Amino acid sequence: MEAVAFSFASCPIPLVFSSTKINNSQTNRRFFPTRRPIHNPHFTWKFQVSNIIQGYSVSPLWCAMFNISGRTKCLKAVKGCGINIHKIISWQEKFKHNISVIFVRLVTGMMLVISVSLIVCKTPSGALTEENRLFLEAWRTVDRAYYDKTFNGQSWFRYRENALRNEPMNTREETYMAIRKMLSTLDDPFTRFLEPEKFKSLRSGTQGALTGVGLSIGYPTMLNESATGLVVISSSPGGPANKAGVVPGDVILAIDDTSTEDMDIYDAADRLQGAEGSSVKLAIRSGSEIRNLVLKREKVTLNPVKSRLCEITSSGMDGFRIGYIKLTSFNQNASGAVKDAIEMLRNNNVKAFVLDLRDNSGGLFPEGIEIAKIWLEKGVIVYICDSRGVRDIYEADGSNTVAASEPLVVLVNRGTASASEILAGALKDNKRALLYGEPTFGKGKIQSVFELSDGSGLAVTVARYETPAHTDINKVGIIPDHALPTSFPVDEDGFCACFKDPASLCNLNGAELFAR
């Protein structure tokens, strides 16, 4: 006999290894679990014998372990083996006693472990403060909605436990800091925390009204004198900035003494918005003059669409009319306003359309889909994807089509983002429109906004998207078909002027504009 090994922690069947001599040669006999029982009414364990050589030989250890009924039979089985059967029987009794002790200790230990685990897992709700509960509310929102279920390669549950244990959450501001810190681990600039006032402003902005200074801003182009800062695209008539003399083309150098040199338009928009009646300080350059203004925020009603009728007077195209539509945002009024503009321009016998999406940073995703359906008779608009691939498809079926036949040009730049890119990508990939300008911003992700119990909120990336050609534009953007002249204006009046003066640096040939 050489070895005995058994396991009863994970499997109730012991694994027994034994060896004995047969015909003066060493042969290994192993017993493995099987479903065939020993022919013994007093024994329920199961075994089989492997490597049987020249008949059958019973190991004395085997007799003792498995308690074959009747000592006479066992004595006969071991006769001639030179083994003291009384020692074997004594060893058997000790073995049974030791097994019983080990079993009792094991069961007791397991019960203690389970009890401790239940105590740890069932932490009483009273142990969580109001600040802890707000943090957990934000954590659960991200856990359920975030599109990347690896959470940027980290254990999201472990982060929660570590944060509750280590992050200070004694005041509301400390809790907000803990939430911001949590979101920063996702390395996703579009998943962000919104304090109550910012959340309220964002929600009102998508409904067609905004509390701010009435400015639409974008990135500078070569047309602007400065390559740094943010450029005023439009100033709402009667708004605080407009009344202070801020006009399109002015450059914002700083907001509340924070330089805009490396500031993106989303951060700048957050800074410009705020509570009604509060003040914001702006450093504005108008031409060569720098002005410091303090503006009081007001509620501003936003009209997302401006339109113009442009008549081309160049040779061979006299009287050719173009309908120019400037779409500045995707609020809940956007699709209706675009339809109204199309109908108004059609009543003036336009032959083609130009849709200007430059410096349109997006807005409501459903509005982007609805506006795409206005221009498309059929075709895929966008693929919605998560970490596992395509999960949804938005298509045009012709039911909402308004203008699917007239030639269409879309203007884009690096301020064209989000819902604007979805619209531009759909029109380009379905060969419905030609794109002019520069590569777009490259925001290939979709966010949903969630309100927390204290009035604050979270903007959470819930999906990424691909254009109809299955292009993932994130951080790349949509590449236009043609470039625009560097001096091409950003306002509707300047656009029309470029078709009237052939000597203008921004002049475009009307016939070439719509030619593929």
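Right above here is the structure, for reference.
Quick summary incoming for the structure in this document. (Residues numbered from 1 in each chain as written. Predicted model: local features only at pLDDT ≥ 70, side-chain atom pairs only at ≥ 80, totals over all residues. Heavy atoms only, no water.)

**Let's talk about the pattern of salt bridges**
- Across all of its chains, the model carries 19 salt bridges by this definition.
- Notably, a salt bridge pairs Arg 172 with Glu 131, separated by 2.9 Å at the nearest N-O pair. Taken together, the residues Arg 172 in helix 6 (residues 172-184) and Glu 131 in helix 4 (residues 130-145) connect sequence positions 41 residues apart.
- Here Arg 172 falls in the partly exposed class, since its relative accessible area comes to 25%. (Salt bridge = Lys/Arg side-chain N within 4 Å of Asp/Glu carboxyl O. Helix = DSSP H or I, 4+ residues; strand = E, 2+ residues; numbered from the N terminus. Buried < 20%, exposed > 50% of the residue type's maximum accessible area, 1.4 Å probe, protein only.)

**Let's talk about the packing of aromatic side chains**
- Evaluation of the coordinates by the stated rule reveals 12 aromatic pairs.
- Centre to centre, the rings of Trp 139 and Phe 157 are 5.3 Å apart; their planes meet at 65 degrees, and the pair counts as edge-to-face. Highlighted residues: Trp 139 in helix 4 and Phe 157 in helix 5 (residues 156-166), separated in sequence by 18 residues.
- Here the aromatic residues Trp 139, Tyr 146, Tyr 147, Phe 151, Trp 156, Phe 157 and Tyr 159 are joined through ring pairs into a cluster of three or more.
- Above the face of the Trp 139 ring, Arg 160 is positioned so that its terminal group lies 4.7 Å from the ring centre.
- The ring of Phe 190 has Lys 443 sitting right over it, with the charged end atom 4.8 Å from the ring centre. (Phe/Tyr/Trp six-rings, centres within 6.5 Å; stacked < 30°, edge-to-face > 60°. Lys NZ or Arg CZ within 6 Å of the ring centre and 35° of its normal.)

**Focus: the packing of helix 10 (residues 334-346) against helix 11 (residues 365-375)**
- Their axes nearest at 8 Å, the elements helix 10 and helix 11 cross at an angle of 25 degrees. In this view, helix 10 runs roughly parallel relative to helix 11, as classed from their interaxial angle. Viewed along their axes, helix 10 and helix 11 form a crossing whose handedness is right-handed. Contacts between helix 10 and helix 11 involve Ala 334, Ser 335, Val 338, Lys 339 and Ile 342 from the former and Glu 367, Glu 370, Ile 371, Ile 374 and Trp 375 from the latter.
- Here the residues of the contact of helix 10 with helix 11 sort into 6 nonpolar, 1 polar and 3 charged. (Axes fitted to C-alpha atoms, helices over the stretch in contact; angles between N-to-C directions. Parallel < 35°, antiparallel > 145°, perpendicular 65-115°, else oblique. Left-handed = near helix turned anticlockwise from the far one by under 90°. Contact = heavy atoms within 4.5 Å. Nonpolar A, V, L, I, M, F, W, Y, C, P; charged D, E, K, R; others polar.)

**Notes on unusual backbone geometry**
- Look at Asp 256: it is not a glycine, yet its phi comes out positive at around 50 degrees.
- Looking at the element boundaries, Asp 256 is found in the loop between strand 7 (251-255) and strand 8 (258-259).
- For Asp 256, a relative accessible area of 37% puts it in the partly exposed group.
- Its identity as a non-glycine residue notwithstanding, Asn 349 has a phi of 60 degrees, on the positive side.
- Take Asn 349: it is sitting in the loop between helix 10 and strand 14 (352-356).

**Structural notes on the pairing of strand 14**
- Along strand 14, 5 of the 5 residues are buried, which leaves the element largely enclosed by surrounding structure.
- Bridging between strand 13 (residues 320-327) and strand 14 involves 5 bridges; their strand directions are parallel. Residue pairing across strands places Ile 325 opposite Leu 355, the latter belonging to strand 14.
- As a crossover connection, the stretch from strand 13 through helix 10 into strand 14 is right-handed.
- In this sheet, strand 17 (residues 408-412) lies alongside strand 14 in parallel orientation, the contact comprising 4 bridges. Across the sheet, Asp 356 pairs through a bridge with Leu 411, a residue of strand 17. (Pairing = 2+ DSSP bridges. Right-handed = clockwise from strand over helix to strand, strands pointing away.)

**Overview of the sheet that holds strand 13**
- Taken in spatial order, the 5 strands make up an open sheet running 12-13-14-17-18, and their pairing is mixed. At either end of the open sheet lies a strand with only one pairing partner, and these are strand 12 (305-312) and strand 18 (434-437). Strand-to-strand twist of the sheet, defined as the mean angle between neighbouring strand axes without regard to direction, takes the value 25 degrees.
- In this fold helix 12 (residues 419-429) packs onto strand 13, strand 14, strand 17 and strand 18, with an angle of close to 140 degrees to the strand it touches most, strand 17.
- With respect to the sheet, helix 13 (residues 492-500) is in contact with strand 12, strand 13, strand 14 and strand 17, its orientation differing from that of strand 12 by roughly 10 degrees.

**Observations concerning the environment of Arg 133**
- Secondary-structure assignment places Arg 133 in helix 4.
- Residue classification places Arg 133 among the partly exposed positions, given a relative accessible area of 43%.
- Residues Arg 133 and Leu 164, 31 residues apart in the sequence, show an inter-C-alpha distance of 9.9 Å.

**Observations regarding helix 4**
- An ideal rise of 1.5 Å per residue puts 22 Å on 16 residues; helix 4 measures up with 23 Å between its terminal C-alpha atoms.
- Within the sequence span of helix 4, burial applies to Glu 131, Asn 132, Leu 134, Phe 135, Leu 136, Glu 137, Ala 138, Trp 139, Thr 141, Val 142 and Ala 145.
- Residues of helix 4 that are buried in the fold lie against helix 5, helix 6, strand 19 (445-451) and strand 20 (457-466). (Expected span 1.5 Å × (residues − 1).)

**Considering the side chain of Asn 132**
- On the secondary structure map, Asn 132 appears in helix 4.
- What Asn 132 contacts, discounting residues up to four positions off in sequence, is Ala 127, Leu 164 and Met 169.

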